[in-house]
Amino acid sequence: MGETKDVESATKTVLVDDIPFPQNIITVTTAKQLPLLGQGITDMEIHFLQIKFTAIGLYLEPEIASHLKQWKGKTGAELSQDDEFFAAVVSAPVEKHVRVVVIKEIKGSQYMLQLESWVRDELAAADKYEDEEEESLEKVIEFFQSKYLKQHSVISFHFSSTIPAVAEIGLEIEGQKDLKMKVENGNVVEMIQKWYLGGTRGVSPSTTQSLANSLGEMLVQ
């Protein structure tokens, strides 16, 4: 499913904190072109210093605008604070691809710790954390466990438009062959999407605002 590559005929890139992201990617399986609609970083302030961890790019089918018509006329600032809007983004049956580039090298287990904790807490709060979800999440933890994410390593999450209960995670680490796994639990897949696409509780406020701005502009057209 959802394997991707950079568009060969249009190599234009967008710099996200000096890291180049292709303006478009093409899915290998469906040959759909997905434009970059949101970008930002994850960071933390420690002793008055800004520590940057990752750069993020969100690629979505432009068709997503047709699933968001009830928000037509809202500004990016309004949309960025509207969790119902982002719930509609997550549930929209379009292809989505999240590209995460490592700025500050980190162990795979450390990267997963925050994501795992958030997904588990959100599932528990929604009363959806059962044995199947725990087993699926454990497989994702194992996938990252022994990896060392050097600077410029790429983590990707691909969400299919036709099989919403399945996501593909990919890792590109220097010196290693591309590593991939599938997440085949719909509740876990939904929460991973919400982590990156989920509005006010998402991991990156700058990415959320950027996506809200782009979608707001699309809804005006």
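These remarks concern the structure in this document.

Cut-off values and rules
- Numbering of residues starts from 1 in each chain and follows the order in which that chain's sequence is written.
- Thresholds applied to this predicted model are a pLDDT of at least 70 for local features of residues and 80 or more for the giving and counting of side-chain atom pairs; totals over whole chains, interfaces and linings are not thresholded and use all residues.
- In computing side-chain properties, one takes all heavy atoms of the structure into account and sets aside hydrogens as well as water.
- Runs of E in the DSSP output that reach at least two residues are strands. Runs of H or I that reach at least four are helices, and both are numbered from the N terminus.
- For the radius of gyration, the atoms used are the C-alpha atoms, and the globule rule reads 2.2 Å times the number of residues raised to 0.38.
- Using a 1.4 Å probe on the protein chains alone, a residue whose accessible area is under 20% of its type maximum counts as buried, one over 50% counts as exposed, and one in between counts as partly exposed.
- Each accessible area value is a Shrake-Rupley result obtained with a 1.4 Å probe; residue values ignore everything except the protein chains displayed when judging cover.
- Nonpolar side chains (Val, Leu, Ile, Met, Phe, Trp, Tyr) are joined into patches within 5 Å and like charges within 9 Å, using only residues with over 30% relative accessible area and no salt bridge.
- For this document, the term salt bridge refers to a Lys or Arg side-chain nitrogen within 4 Å of an Asp or Glu carboxyl oxygen.
- When charges are tallied, Lys and Arg are placed among the positive residues and Asp and Glu among the negative ones, while His and the ends of the chain are skipped.
- Charge coordinates come from a single atom per side chain, which is NZ of Lys, CZ of Arg, CG of Asp or CD of Glu.
- Two strands are said to pair when DSSP picks up at least two bridges between them.
- Planes of paired rings set the category: under 30 degrees apart is stacked, over 60 is edge-to-face and the rest tilted, where pairs are Phe, Tyr or Trp rings (Trp by its six-membered ring) whose centres lie within 6.5 Å.
- Expected helix span is given by 1.5 Å per residue-to-residue step, counting one fewer step than there are residues.
- Contact criterion: two residues are considered in contact whenever any of their non-hydrogen atoms come within 4.5 Å of each other.
- Side-chain atoms alone can form a polar contact between residues adjacent in sequence; in general such a contact is a pair of N or O atoms within 3.5 Å, and within protein one must be able to donate a hydrogen while the other accepts it.
- Grouping buried Ala, Val, Leu, Ile, Met, Phe, Trp, Tyr and Cys residues that are joined through side-chain atoms within 4.5 Å yields what is termed a nonpolar core.

### Thoughts on the overall build of the protein chain
- Tallying secondary structure elements over the protein chain gives six helices and 12 strands in all.
- Relative to a compact globule of 221 residues, whose C-alpha radius of gyration would be 17 Å, the protein chain shows 17 Å and is just as compact.
- Along the first, second and third principal axes, the C-alpha set of the protein chain runs to 45 × 45 × 40 Å.
- Counting the 221 residues in the protein chain, one finds 48% classified as buried.
- Accessible area for the protein chain stands at about 11,300 Å²; split by element, carbon and sulfur atoms hold 48% of it.

### What about a negative patch on the surface?
- Together, Asp127, Glu130, Asp131, Glu132, Glu134, Glu138 and Glu142 make up a negatively charged patch on the protein surface.
- One can find Glu142 in helix H4 (residues 131-145).
- According to the relative accessible area criterion, Glu142 is exposed, its value standing at 56%.

### Some words on the pairing of strand E7 (residues 96-102)
- In terms of burial, E7 is largely enclosed, as seven of its seven residues are buried.
- Pairing between strand E6 (residues 49-60) and E7: seven bridges, direction antiparallel. Within E7, the residue paired with Ala55 across the bridge is Val101.
- Note: E7 against strand E10 (residues 154-159), six bridges, orientation antiparallel. Each bridged residue has a counterpart across the sheet, and for Val100 the counterpart in E10 is Ile155.

### Section: the pattern of salt bridges
- Scanning the model with the defined rule gives seven salt bridges in all.
- Residue Lys139 is joined to Glu135 by a salt bridge in which the shortest nitrogen-to-oxygen separation is 3.9 Å. Here the residue Lys139 and the residue Glu135 both occupy positions in helix H4, the gap between them amounting to four residues, near one helical turn.
- The partly exposed category is assigned to Glu135, whose relative accessible area is 48%.
- One connected set of salt bridges, linked through shared partners, spans Lys128, Glu190 and Lys194.

### A word on the packing of aromatic side chains
- This model, assessed by the stated rule, comprises seven aromatic pairs.
- For the ring pair Tyr111 and Phe144, a centre distance of 5.3 Å and an interplane angle of 35 degrees mean the geometry is tilted. A residue pair is termed long-range when its members are at least 10 positions apart, and Tyr111 in helix H3 (residues 108-125) and Phe144 in helix H4 qualify at 33 residues.
- The exposure class of Tyr111 is buried, given its relative accessible area of 11%.

### Some words on helix H6 (residues 205-220)
- The terminal C-alpha atoms of H6, which comprises 16 residues, lie 23 Å apart, in line with the 22 Å expected from a rise of 1.5 Å per residue.
- Looking at the buried residues of H6, the elements they touch are strand E5 (33-46), E6, helix H1 (76-80), helix H2 (83-91) and helix H5 (186-197).

### Here's the deal with the side chain of Asn24
- Counting through the fold element by element, Asn24 comes out in strand E4 (residues 24-27).
- Judged by relative accessible area, which is 15%, Asn24 ranks as buried.
- Within the structure, Asn24 has its side chain in polar contact with the side chain of Gln33 (distance 3.4 Å).

### Points about the nonpolar core
- The biggest cluster of nonpolar side chains holds 53 residues, and the ones touching the most others in it are Leu68, Phe85, Phe144, Ile155, Phe157, Tyr196 and Leu215.
- Counting residues per element, this core draws most heavily on H5, at seven residues.
- When sequence neighbours within four positions are dropped, the list of residues in contact with Ile155 reads Val98, Arg99, Val100, Val102, Tyr111, Phe144, Leu149, Gly170 and Leu171.
- Formed by 12 residues, the second largest nonpolar core is a distinct cluster that contains Val16, Leu36, Tyr59 and Val154.

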